[in-house]
Structures are given as structure tokens and as C-alpha cells.
Amino acid sequence: MSIQLLQPANSLSKKGNETDRLALLQFKAKIGNDPYGILNSWKDSVNFCSWRGVACGHKHQRVVSLNMQGLNLSGTISPYIGNFTFLRFLNLVDNKFYGEIPPEVGRLFRLRILDLSNNTLGGEISLKITYSSELKVLNLTRNRLEGKISAELGSLKKLVTLRLGTNNLTGEIPQSLGNLSSLKVFSGGFNNLHGNIPSELGQLTSSTIFVINFNNLSGTIPPSLYNISSISLFYTSSNPVVVSIESSSNLLLKLENVTMLHHVFVTLVVGAAIFSSEIATNGIRAPYDL
């Protein structure tokens, strides 16, 4: 007969705490420039839960939030980021992070918000991000990301906001994004996307913002998109999209009620004749890439 000895709970907690502390130090080690000296507080004489930008949960004293927004940090994102298994909020907005998004982010199975916008991150969006199945906000706007928008993003069923604007993304908009029944915001403007706008996006009945301006999308705007009554911003300018005559009046009626719209270019095809019009409402300028 074998006897299995169980570790005390406090022993497991200390082991987890040490994992988080070491992961923070590895994150710091990848920062090449810290102009404001923010990370000077990250030293062993101070409990890591009190380090600038770090927040821990009360029960287990594990890192649940890492907020480094607007600190002008320069460096790469350490793959040790994947060791923060209690992390729910990761905000690296408005810095100078470069290199690729480490696939280890996919190990953050409790992560709700991932905001890496306004950096210079490159490479492709790792498929392993989709392993973070609790994600509600994924914001990668204003980077240098390349490659296609993965169809696997359609598996993030809890996603409310998906912002991918102002990158170098190519390929088509995946039909699978239509599976994101909770999605309210989709922004993919200022990329190099091509092909048709999938009719499946008409299933996004909770959508309030839909932005695909400045791409190379073509074909028709799916009539199913006109029936999303919750949309407040529908922004498709600088795409050679076409509205069929059967649905054009319905779209124009819808746009009259859109209070946040800036400019939408609509092309109506009537027989052999083509009529183009620019529609503007209320003179309210929307953010150029959201």
C-alpha cells in the first residue's frame, strides 16, 4: 500500500506566489528602457503585490492585474507572462513594446481583458490567444501585426470587443466571427483585408460599432447587417463595396438613425448605371480607427 502525502495549502500558495514574483522579474528583464523609472520599485525589499502597476487578489495574493499603460516602456513581452495563471487584466497600452505577442498568453485561462494597443508589436496573432476562453476584450489596435485574422477567434464566445484596426493584416474577414453572439464592437479598419464581407456577421445582433474602413473589401454589404438595430456606428469608407438596389433604401433609412456616423460611402447599382453618394450625419467625427 502506498501513502500519498499532500502539501499544505499554505505551501502551495507560497509556491504560486514565488512563480508570480519570478515572472514579474522576467517581465522587467525584457524592458530595455524605462524612462520614468517606474520599475525601480520592483525590488525584493518590497512585496511584489505593492509594485507599481501590479494588483493581487486578497485571498491567494496572486497577480490578477498588470497595468502598465502609458509608461513609455520599451522592450519585448516576456514569455513568462504565461505564468500569471490568476491574471484577469493585462494592459500594456501606449508603450513601445516590439517583437511578437508571445503564444504563452494562451495559458492565461482566467484572462478577461487583453489590451496591447498603440505599440509596435509585429508578427502574426498567435492562434494560442484563443485558448484564453474567458476573454471579453481583445484590443490590438495600432501595431504592426501581419497575417490573417484567424477563424479560431470565432471560438471566443464571451468576446464583447474585438479591435484589430491600424495593422498590416491581410486575407478575408472570417465567417466564424458571426458566432460571437456577445460581440458589440468589431474594428478592423486601416488594414489590407480583402474579399467579401461575410453575411454571417449579420448574426452579431448585439453589435453597436462595426468599422472596416480603409481596406480592400469588395462585393456587396450583406443585407443582414442592415437589420442590426443596435448599431450606432457603421463605418465602411474607402472600400469598393456595393449596395444592391433591393436593400439600398433600407440601408439609407437605417443610416439616418445612426447618430455617431461620420462618413460612409455607398455605391448604388441600378441597371448599368452607377450612382455614388457620401452620407454624413450630425457632423460628428468618429475616431479614425477606433
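## So, the state of the cysteines
Inference 1: Inspection of every chain in the model, using the stated rule, returns 1 disulfide.
Inference 2: Here C49 engages in a disulfide with C56; their sulfurs sit 2.1 Å apart. Sign of the S-S torsion, about -95° for the bond between C49 and C56, identifies this disulfide as left-handed. Comparing C49 with C56, the two get one shared label, buried.

## Notes on unusual backbone geometry
Inference 1: Even without glycine at this site, N118 takes up a positive phi of about 60°.
Inference 2: For N118, the position within the fold is in the loop between β7 (113-115) and β8 (120-124).
Inference 3: Judged by its relative accessible area of 31%, N118 is partly exposed.
Inference 4: For F214, which is not glycine, the phi dihedral falls at a positive 55°.
Inference 5: Looking at the element boundaries, F214 is found in the loop between β15 (209-211) and β16 (216-218).
Inference 6: Taking the relative accessible area as the measure of exposure, F214 reaches 38% and is therefore partly exposed.

## Re the environment of N33
Inference 1: Relative to the assigned elements, N33 resides in strand β1 (residues 31-33).
Inference 2: Placed 41 residues apart in sequence, N33 and S74 show a C-alpha to C-alpha distance of 5.0 Å.

## Thoughts on the sheet that holds β7
Inference 1: Ordered by their spatial adjacency, 9 strands build an open sheet running β2-β3-β5-β7-β9-β11-β13-β15-β17, and the pairing between neighbours is mixed. On the outer flanks of this sheet lie β2 (54-56) and β17 (233-235), each paired with one strand and no other. For this sheet, the mean angle separating the axes of adjacent strands, direction not counted, is 10°.
Inference 2: Judged from the 3 bridges that link them, strand β13 (residues 185-187) and β15 form a sheet pairing that is parallel. By the bridge assignment, V185 is partnered in β15 with I209.

## Focus: the side chain of N17
Inference 1: Take N17: it is sitting in helix α1 (residues 9-29).
Inference 2: N17 sits in the buried class, given a relative accessible area of 18%.
Inference 3: The contact partners of N17, leaving out residues within four places of it in the chain, are F48, H60, Q61 and R62.

## Some thoughts on the nonpolar core
Grouped burial of nonpolar side chains is what soluble globular proteins tend to show.
Inference 1: Counting 62 residues, the largest nonpolar core has L24, F27, W42, L66, M68, L114 and F210 as its most contacted members.
Inference 2: The set of elements that each furnish at least two residues to this core consists of α1, β2 and β3 (63-67).
Inference 3: Here this core gets 3 residues from one element, more than from any other, and that element is α1.
Inference 4: Look past the residues within four positions of L66 in its chain and what remains in contact with it is L24, F27, W42, G53, V54, I81, L87, F89, L90 and N91.

## Here's the deal with the pairing of strand β14 (residues 192-196)
Inference 1: In the sheet, strand β12 (residues 168-171) pairs with β14 via 2 bridges, with the strands oriented parallel. When the sheet's bridge partners are listed, G171 is paired in β14 with L193.
Inference 2: Bridge analysis of β14 against β16 gives 3 bridges, and the strand direction is parallel. Its bridge partner lying in β16, H194 is registered against N216.

## What about the confidence of the model for the chain?
Inference 1: The predicted model of the chain has a mean per-residue pLDDT of 83, with 77% of residues at 70 or higher.
Inference 2: For residues 1-13, every residue scores under 50 in pLDDT, and the model assigns this stretch 2 contacts once sequence neighbours within four places are set aside.
Inference 3: Scored below 50 in pLDDT, residues 255-288 shows 77 contacts in the model against residues more than four places distant or in partner chains.

## Quick word on the packing of aromatic side chains
Inference 1: In the structure shown here, the tally under the stated rule is 7 aromatic pairs.
Inference 2: Their ring planes at 20° and their centres at 4.5 Å tell us that F190 and F214 sit as a pair that is stacked. Note that F190 is positioned in the loop between β13 and β14 and F214 in the loop between β15 and β16, a separation of 24 residues in sequence.
Inference 3: Three or more aromatic residues joined by ring pairs form one cluster here, namely F27, W42, F48, W51 and F97.
Inference 4: The residue whose ring lies beneath R110 is F86, and the NZ or CZ to ring-centre distance is 4.1 Å.

Cut-offs used in this document
- For every chain, the first residue of the written sequence is number 1, and numbering continues from 1 along that sequence.
- Residues qualify for local features only when their pLDDT is at least 70, as the model is predicted, and side-chain atom pairs are given and counted only at 80 or more; totals for whole chains, interfaces and linings, by contrast, use all residues.
- Excluding hydrogens and water, the side-chain figures rest on all heavy atoms present in the structure.
- Counting rule for disulfides: a pair of cysteine sulfur atoms within 2.5 Å.
- Here's how the labels work: a residue is buried when its accessible area is under 20% of the maximum for its type, exposed when over 50%, partly exposed in between, all with a 1.4 Å probe on protein chains only.
- Think of it this way: any DSSP run of H or I at least four residues long counts as a helix, any run of E at least two long counts as a strand, and we number them from the N terminus.
- At least two bridges found by DSSP between two strands are what make those strands a pair.
- To obtain each axis, a line is fitted to C-alpha atoms, and for helices this fit is confined to the stretch in contact; angles are then taken between N-to-C directions over 0 to 180 degrees.
- In this analysis, two residues are considered to be in contact whenever any of their non-hydrogen atoms come within 4.5 Å of each other.
- Nine residue types can take part in a nonpolar core, namely buried Ala, Val, Leu, Ile, Met, Phe, Trp, Tyr and Cys, and a core is a set of them joined through side-chain atoms within 4.5 Å.
- Values of pLDDT, which run from 0 to 100, indicate the predictor's confidence residue by residue.
- Two rings belonging to Phe, Tyr or Trp (six-membered ring only in the last case) form a pair when the distance between their centres is within 6.5 Å. Interplanar angles under 30 degrees mark stacking, angles over 60 mark edge-to-face geometry, and anything in between is tilted.
- Whether a charge sits over a ring comes down to the Lys NZ or Arg CZ being within 6 Å of the ring centre and within 35 degrees of the ring normal.

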